[in-house]
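Each chain is listed here by its residues.
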Amino acid sequence: MTTRKVAQYHQIPQTIINSLHWQQNSPTHLNPPFVAKPPSILATDLIKSYFQKGLVKEARVLFDEMPERDVVAWSSMISGYASCNLYRRAWTTFCEMMRDGVNVQPNEFTFSSALKACKGMRSLSCGALTHGLALKHSMHGSLYVDNALMDMYATCCDGMDDACLVFEEITVKNAVSWTTLIAGYTHQGDGHGGLRVFRQMLLEEAEPNPFSFSIAVRACASIGSHIYGKQIHAAVVKHGFESSIPVMNSILDMYCSCSHLSEADRCFHGMPERDIITWNTLIAGHEKSDPCKSLNHYSLMESEGITPNCFTFTSVIAAVANMAVLSFGEPVHGKILRRGIGNDLAVANALIDMYAKCGSIVNSFKIFNVMCDKNIVSWTSMLIGYGSHGYGKEAVKMFDQMLHSGIRPDRIVFVAVLNACSHAGLVDEGLRYFKSMVSDYNVMPDQDVYGCVVDLLGRAGRVKEAYELIETMPFMPDESVWGAFLGACKAHKLAELGKLAASKVLDLRPKVAGTYMMLSYIYAFDGKWGDSAKMRKLMRRMVNKKEAGRSWIEARNQIYSFVAGDRLGSHVEWVYEVVDTMSLHMKEVEYTTDLHCLIHDLEDGT
DNA sequence: GTAGGGTTAG
């Protein structure tokens, strides 16, 4: 396609097309402003607008047709590719310029754009090479280049040492320099480091702006510090940045991730302006701890005419999964398909999980099977689904398929497959995976992995081996490991070991009602009814009425929510109806109830 | 005519 055709196709004004005759200088028949601009400048203008519209090919055609390309044209191409996330093409264009652009000297714009490409590629070697070239072209002292260098080192290196070296050498730092350093620490998971730099920024009387506040609040969220977050919120108000939506979104997220949901709600209602990220932050923030509210916020968002995007749907689907309310999830799935975003990786992964948690593993597999791109999360979601449905053999098969597809398993995948083996009684397979994770994949087991293996052995009755494993662990077992062991002791009625496990759990995590419940069962089957009752009394003291476990069922297209002992509301009849159906089903499959707890419940009068 | 840092999902 020629420049003329490209321009005509995109309805570029005829005046611009005429002036793009490379050999023709300042056509006299045209009126300003077009006559004033030489063709190469007009072409650069066009290149920029093509990239802004995502018309990458058109930009390249135009660039290739330019008889002479100056440094601005080259830099526009490099930054254009980088702004469209085409970092490798940005980098090859930079290399092409350094190699072929004989008479073109790179400038600050060129190097900062090239460094952005290196950052996007996460390539330290390209970044360091660009650093060397920048020094060779006397770029030291350019704040733009130095800030881009810091950003590149912060993103491409494990530590922050090189970014700090560049930062120290900047004589006059600006807000971007400070913000880049804070962001570097925070994105590497060192929120305390980020806050240290933010404090230093204030001490050195550098003027913080909305960018620095957003990332400082993000640092608070990453370390779960509501105290620091609130202080920075106050500073935001003092500086008059409450009108900045990104800053307020950051604060909203901080309150959610620090579990201060009522404060988050207050913050949300106080926002005069909101964008899609505001809504998404609120929905995602409630998804785990209060999924019902998360869905309410989503309904409110829709009623206000805001169009949900992939982020929204991922959180909504996760909330549906947490509540297992398929009646809410299915229409949302329909909406996703109608919007044509069912192929989005995160959305599809969330759908796999949702159907699995709602009991429809067949639908999980259908989604998994048609996915064009799968990542490790897709495989893990499917493995967790199979595991929770008791399909251990399918999980094992799927794990092997995952290996064949070239995905390297991580710790979470091993937890998923070990869990699946545990629930399906595939002890030897599970132990084989446990051994191979270190020897074949160099993945070190953590508390969760040990917890799974203890559970695997414990469920199968190999309690002695489980105890030996705990004793030989390379680190102190946590409450999840002892908790798994306690479960095994309860299941196999091993009173003495069970008491030991419970005391360990209570040492590590006191005031957990469930542990007292376990101990109560253990004392009951040990014949120590007095101790058993004592544990129940202790347990009741532990239960905070406000945090009572809430259950819900779907019956006749309605969701009914209730807590233990709930006798209020007309819907309670439905609950009993469902419980009766379940009891009938349990009888049909010959499930035997553990009578110890039932007898004790009757004696206890509860 | 070209360049920078911040907020949401898994």
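Remember, predicted model here, so these are calculated numbers, not experimental data.

1. Quick word on the overall build of chain A
Part 1 of the reasoning: The number of helices and strands found in chain A is 34 helices and 2 strands.
Part 2 of the reasoning: A total accessible area of about 32,000 Å² is found for chain A, and carbon and sulfur atoms account for 55% of it.

2. A few points about the UniProt feature "repeat: PPR" (unreviewed entry) in chain A
Part 1 of the reasoning: Under the present numbering, the feature "repeat: PPR" (unreviewed entry) in UniProt falls on residues 70–104, 174–208 and 375–409.
Part 2 of the reasoning: The span residues 70–104 carries 77% helix and 0% strand; its end-to-end C-alpha distance comes to 6 Å.

3. Concerning the environment of glutamine 105
Part 1 of the reasoning: Residue placement: glutamine 105 occurs in the loop between helix H6 (87–100) and helix H7 (108–121).
Part 2 of the reasoning: Here glutamine 105 falls in the exposed class, since its relative accessible area comes to 52%.
Part 3 of the reasoning: Ignoring any residue separated from it by four or fewer positions in sequence, one finds glutamine 105 in contact with Val71, Met97 and His137.

4. Some details on the nonpolar core
The tendency in soluble globular proteins is for nonpolar side chains to be buried side by side.
Part 1 of the reasoning: Of all hydrophobic cores here, the largest spans 167 residues; its most connected members are Leu181, Ile232, Ile251, Met354 and Phe485.
Part 2 of the reasoning: Those residues in contact with isoleucine 232, other than ones at most four positions away along the chain, are Leu195, Phe198, Phe213, Ala216, Val217 and Cys220.

5. Notes on the packing of aromatic side chains
Any two aromatic rings considered together are summarised by their centre-to-centre distance and by the angle between their planes.
Part 1 of the reasoning: Per the stated rule, a full pass over the model turns up 19 aromatic pairs.
Part 2 of the reasoning: Each ring, one from phenylalanine 63 and one from tryptophan 74, has its centre 5.0 Å from the other, and the planes form 80°; the classification is edge-to-face. With phenylalanine 63 in helix H4 (residues 56–65) and tryptophan 74 in helix H5 (residues 71–83), this pair connects stretches of sequence that are 11 residues apart. Considered together, phenylalanine 63 and tryptophan 74 belong to a single accessibility category, that of buried residues.
Part 3 of the reasoning: Judged by centre distance (5.6 Å) and plane angle (90°), the rings of tyrosine 450 and phenylalanine 475 are edge-to-face. Separated by 25 residues along the polypeptide, tyrosine 450 in helix H27 (residues 447–459) and phenylalanine 475 in the loop between helix H28 (463–471) and helix H29 (479–491) bring together distant segments of the chain.
Part 4 of the reasoning: With relative accessibility at 8%, the residue tyrosine 450 sits in the buried group.
Part 5 of the reasoning: When its relative accessible area of 29% is taken as the criterion, phenylalanine 475 is described as partly exposed.
Part 6 of the reasoning: Aromatic rings pair up to connect Phe399, Phe414, Tyr433 and Tyr441 into one cluster.
Part 7 of the reasoning: Positioned over the ring face of phenylalanine 63 is arginine 69, at 4.4 Å from the centre of the ring.

6. Here we look at H27
Part 1 of the reasoning: With 13 residues, H27 should reach 18 Å at 1.5 Å per residue; the first-to-last C-alpha distance of 18 Å fits that figure.
Part 2 of the reasoning: Every buried residue belonging to H27 is among Gln447, Val449, Tyr450, Gly451, Cys452, Val453, Val454, Asp455, Leu456, Leu457 and Gly458, and all of these are buried.
Part 3 of the reasoning: Close packing links the buried residues of H27 with helix H25 (411–424), helix H26 (427–439), H28 and H29.
Part 4 of the reasoning: Measuring from the backbone nitrogen of aspartate 448 back to the side-chain oxygen at the start of H27 gives 3.2 Å, which picks out aspartate 446 as the cap.

7. Quick look at the protein's contact with DNA strand B
Part 1 of the reasoning: With respect to spatial proximity, 51 residues lie near DNA strand B, and among them Asp70, Phe109, Asn147, Asn249 and Ala346 are the closest.
Part 2 of the reasoning: A breakdown of the atoms of DNA strand B within 4 Å of the protein gives sugar and phosphate a share of 32%.
Part 3 of the reasoning: Residue asparagine 174 places a side-chain N or O atom 3.0 Å away from a base nitrogen belonging to DNA strand B.
Part 4 of the reasoning: Threonine 281 places a polar side-chain atom, nitrogen or oxygen, 3.5 Å from a sugar or linking oxygen of DNA strand B.
Part 5 of the reasoning: Partitioned by chemical class, the residues of the surface near DNA strand B number 19 nonpolar, 22 polar and 10 charged.

8. Considerations on unusual backbone geometry
Part 1 of the reasoning: Phi angles above zero are rare outside glycine, and arginine 122 is one such case at about 55°.
Part 2 of the reasoning: The topology assignment puts arginine 122 in the loop between H7 and helix H8 (124–136).
Part 3 of the reasoning: One non-glycine residue with positive phi stands out, namely alanine 324, at about 55°.
Part 4 of the reasoning: Assignment of secondary structure puts alanine 324 in the loop between helix H19 (310–323) and helix H20 (326–338).
Part 5 of the reasoning: We classify alanine 324 as partly exposed; its relative accessible area is 35%.

9. Here we look at the side chain of histidine 297
Part 1 of the reasoning: By secondary structure assignment, the location of histidine 297 is in helix H18 (residues 291–303).
Part 2 of the reasoning: Under the relative-accessibility criterion, histidine 297 is labelled buried at 6%.

10. Regarding the side chain of histidine 286
Part 1 of the reasoning: Along the chain, histidine 286 falls in helix H17 (residues 276–287).
Part 2 of the reasoning: According to the relative accessible area criterion, histidine 286 is buried, its value standing at 0%.
Part 3 of the reasoning: Here the side chain of histidine 286 touches leucine 282 through a polar contact of 2.9 Å, landing on its backbone oxygen.
Part 4 of the reasoning: Once you skip the residues sitting within four places of it in the chain, histidine 286 turns out to touch Leu261, Asp265, Pro291, Lys293, Ser294 and His297.

11. Some details on the packing of helix H11 (residues 175–187) against helix H12 (residues 191–203)
Part 1 of the reasoning: In contact at an axis separation of 6 Å, H11 and H12 are set at 160° when each is read in the N-to-C sense. On the basis of their axis angle, the class for H11 and H12 is roughly antiparallel. The interaxial crossing formed by H11 with H12 has right-handed handedness. Mapping the contact onto sequence places Ala175, Trp178, Leu181, Ile182, Tyr185 and Thr186 in H11 and Gly191, Gly193, Gly194, Arg196, Val197, Phe198, Gln200 and Met201 in H12.

12. Looking at the confidence of the model for chain A
Part 1 of the reasoning: On average, chain A scores 88 in pLDDT, and the residues at 70 or more come to 85%.
Part 2 of the reasoning: Confidence, read as mean pLDDT per element, is least for helix H1 (residues 3–9) in chain A (51) and greatest for H7 (98).
Part 3 of the reasoning: Residue range residues 24–34 is modelled with pLDDT below 50. Its contacts to residues more than four positions away, or to other chains, number 12 contacts.

13. Let's talk about the pattern of salt bridges
Part 1 of the reasoning: One pass over the structure, following the stated rule, counts 19 salt bridges.
Part 2 of the reasoning: Among the ionic pairs, lysine 119 bridges to aspartate 151, the shortest N-O distance being 3.0 Å. Linking lysine 119 in helix H7 with aspartate 151 in helix H9 (residues 143–156), this pair joins segments that are 32 residues apart in sequence.
Part 3 of the reasoning: On the basis of relative accessible area, lysine 119 is assigned to the partly exposed category, the value being 27%.
Part 4 of the reasoning: For aspartate 151, a relative accessible area of 25% gives the class partly exposed.
Part 5 of the reasoning: Across the pair glutamate 496 and lysine 499 runs a salt bridge whose closest N-O atoms are separated by 3.2 Å.

14. Remarks on a nonpolar patch on the surface
Part 1 of the reasoning: On the surface, a cluster of nonpolar side chains totalling about 270 Å² of accessible area is made up of Met582, Met586 and Val589.
Part 2 of the reasoning: Mapping valine 589 onto the fold places it in the loop between helix H33 (572–588) and helix H34 (595–604).
Part 3 of the reasoning: Since its relative accessible area comes to 52%, valine 589 is described here as exposed.

15. Considerations on the packing of helix H13 (residues 210–222) against helix H15 (residues 245–257)
Part 1 of the reasoning: Two numbers describe how H13 lies on H15: the axes approach to 9 Å, and their chain directions differ by 5°. Classified by the angle their axes make, H13 and H15 are roughly parallel. Only Pro246, Val247, Ser250, Ile251, Asp253, Met254 and Ser257 of H15 make contact with H13, whose side of the interface consists of Pro210, Phe213, Ser214, Val217, Arg218, Cys220 and Ala221.
Part 2 of the reasoning: A per-class count over the contact of H13 with H15 returns 9 nonpolar, 3 polar and 2 charged.

About the thresholds
Residues numbered from 1 in each chain as written. Chains lettered and ligands numbered in written order. Predicted model: local features only at pLDDT ≥ 70, side-chain atom pairs only at ≥ 80, totals over all residues. Heavy atoms only, no water. Helix = DSSP H or I, 4+ residues; strand = E, 2+ residues; numbered from the N terminus. Areas by Shrake-Rupley, 256 points an atom, 1.4 Å probe, with all protein chains shown as cover. UniProt positions renumbered as here; feature names shortened; annotations may be inferred. Buried < 20%, exposed > 50% of the residue type's maximum accessible area, 1.4 Å probe, protein only. Contact = heavy atoms within 4.5 Å. Core = buried A, V, L, I, M, F, W, Y, C linked by side-chain atoms within 4.5 Å. Phe/Tyr/Trp six-rings, centres within 6.5 Å; stacked < 30°, edge-to-face > 60°. Lys NZ or Arg CZ within 6 Å of the ring centre and 35° of its normal. Expected span 1.5 Å × (residues − 1). Polar contact = N/O pair within 3.5 Å; in protein donor to acceptor, adjacent residues only side chain to side chain. Near = heavy atom within 4 Å. Nonpolar A, V, L, I, M, F, W, Y, C, P; charged D, E, K, R; others polar. Axes fitted to C-alpha atoms, helices over the stretch in contact; angles between N-to-C directions. Parallel < 35°, antiparallel > 145°, perpendicular 65-115°, else oblique. Left-handed = near helix turned anticlockwise from the far one by under 90°. pLDDT = per-residue confidence, 0-100. Salt bridge = Lys/Arg side-chain N within 4 Å of Asp/Glu carboxyl O. Patch = residues over 30% accessible without salt bridge, like charges linked within 9 Å, V, L, I, M, F, W, Y side chains within 5 Å.

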